[in-house]
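Architecture and fold: a report
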Amino acid sequence: MTATISPLSVVADGVDLGDGAVIEDLCVIGRNGPPERTVIGHGATIRSHTVIYAGNTIGSNFATGHHVLLREANVIGDNVSIGSSTVVEHHVTIGDGVRIHSQCFIPEYSTLEPGAWIGPRVTLTNAPFPRCPDVSRCLAGVTIGRDARVGANATILPGVRIGERALIGAGAIVTKDVPPGAVVVGPAARQVKSIDDLRCPVGLDHRPYPVPEPVE
Ligand SMILES: CC(C)(COP(=O)(O)OP(=O)(O)OC[C@H]1O[C@@H](n2cnc3c(N)ncnc32)[C@H](O)[C@@H]1OP(=O)(O)O)[C@@H](O)C(=O)NCCC(=O)NCCS
């Protein structure tokens, strides 16, 4: 099995594309390379107008929506999907199973731990004082903890850590670290409950999220 690449797309030298990859129309893969190499594991689906710079290392079953921009020097695990019109800057770490919805902004030095889920139009930030002459010395990436979920249109301020399994309410502006399992809402976001307090609104189950198995 080999990759299927649209004749309307460009795959640069130095791109190592796994078996079964599908590259749709008008994509650029490995932009500005070589010498930087680009590795994409097997089973990738890269939808039209996606641009991936050289210097990314991406696992298997990677999927992009349309018009995704992925800058250089990112490390991305297996089974990751990035929704349409999302921008991922450089030096971002994305763990296995992460899903990023449409129209999100993920700046440099962000870390998304395995299983994290990022809702539509979420903005992560990294510059505490934009355009300060020394801004590059104080950039601080956001960390989204394992299996945490970030609701639509939330903004996470520089250096904030969202704890494991926490839930960020739609439209929140998160200014401080969020404890594991917390539910926070509002500008500036305050904890209102724990995810264990959430109830399924349509009665399908007692809780929206199962209690995790204890880690050995
Ligand atoms: C945060 C959230 C999980 C809370 O759900 P819930 O437990 O059913 O919420 P409740 O109805 O019990 O609300 C509790 C209080 O928080 C407020 N609240 C709930 N969500 C809020 C939000 N996103 N921002 C501000 N306040 C919010 C409610 O108005 C209520 O306030 P009150 O007690 O003064 O009336 C939910 O509202 C939410 O934002 N989910 C994310 C949705 C989303 O972005 N999905 C993305 C996929 S499309």
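Residues numbered from 1 in each chain as written. Predicted model: local features only at pLDDT ≥ 70, side-chain atom pairs only at ≥ 80, totals over all residues. Heavy atoms only, no water.

**Quick notes on the site of the ligand**
Around the ligand lies a shell formed by W117, G151, A152, L167, G169, A170, V183, V185, K193 and L198. Measuring from an oxygen atom of the ligand, one finds a backbone N or O atom of A170 at 2.9 Å. Expressed as a share of its isolated accessible area of 920 Å², the protein-covered part of the ligand is 40%. Residues of the shell around the ligand, tallied by class, amount to seven nonpolar, two polar and one charged. (Near = heavy atom within 4 Å. Polar contact = N/O pair within 3.5 Å; in protein donor to acceptor, adjacent residues only side chain to side chain. Areas by Shrake-Rupley, 256 points an atom, 1.4 Å probe, with all protein chains shown as cover. Nonpolar A, V, L, I, M, F, W, Y, C, P; charged D, E, K, R; others polar.)

**Re the sheet that holds strand β22 (residues 149–150)**
The pairing of strands in a sheet comes from backbone hydrogen bonds and takes either a parallel or an antiparallel form. Pairing is mixed across the open sheet formed by 11 strands, whose spatial order is β1-β4-β7-β10-β13-β16-β19-β22-β25-β27-β28. Looking along the sheet, the strands with just one partner apiece sit at the ends: β1 (4–5) and β28 (190–194). In terms of strand pairing, strand β7 (residues 45–46) meets strand β10 (residues 63–64) through two bridges, oriented parallel. Counterpart to I46 in the pairing with β10 is T64. (Pairing = 2+ DSSP bridges. Helix = DSSP H or I, 4+ residues; strand = E, 2+ residues; numbered from the N terminus.)

**Details of the environment of N79**
Inspection of the secondary structure assignment puts N79 in the loop between β12 (75–76) and β13 (81–82). Residue N79 is classed as partly exposed on the basis of its relative accessible area of 43%. Considering only alpha carbons, one finds N79 and G95, 16 residues apart in sequence, at a separation of 9.0 Å. Discounting residues that sit within four places of it in the chain, N79 has contacts with S60, N61, G97 and V98. A polar contact is formed between the side chain of N79 and the side chain of N61, at a distance of 3.0 Å. (Buried < 20%, exposed > 50% of the residue type's maximum accessible area, 1.4 Å probe, protein only. Contact = heavy atoms within 4.5 Å.)

Read these as spatial facts, not as claims about activity.
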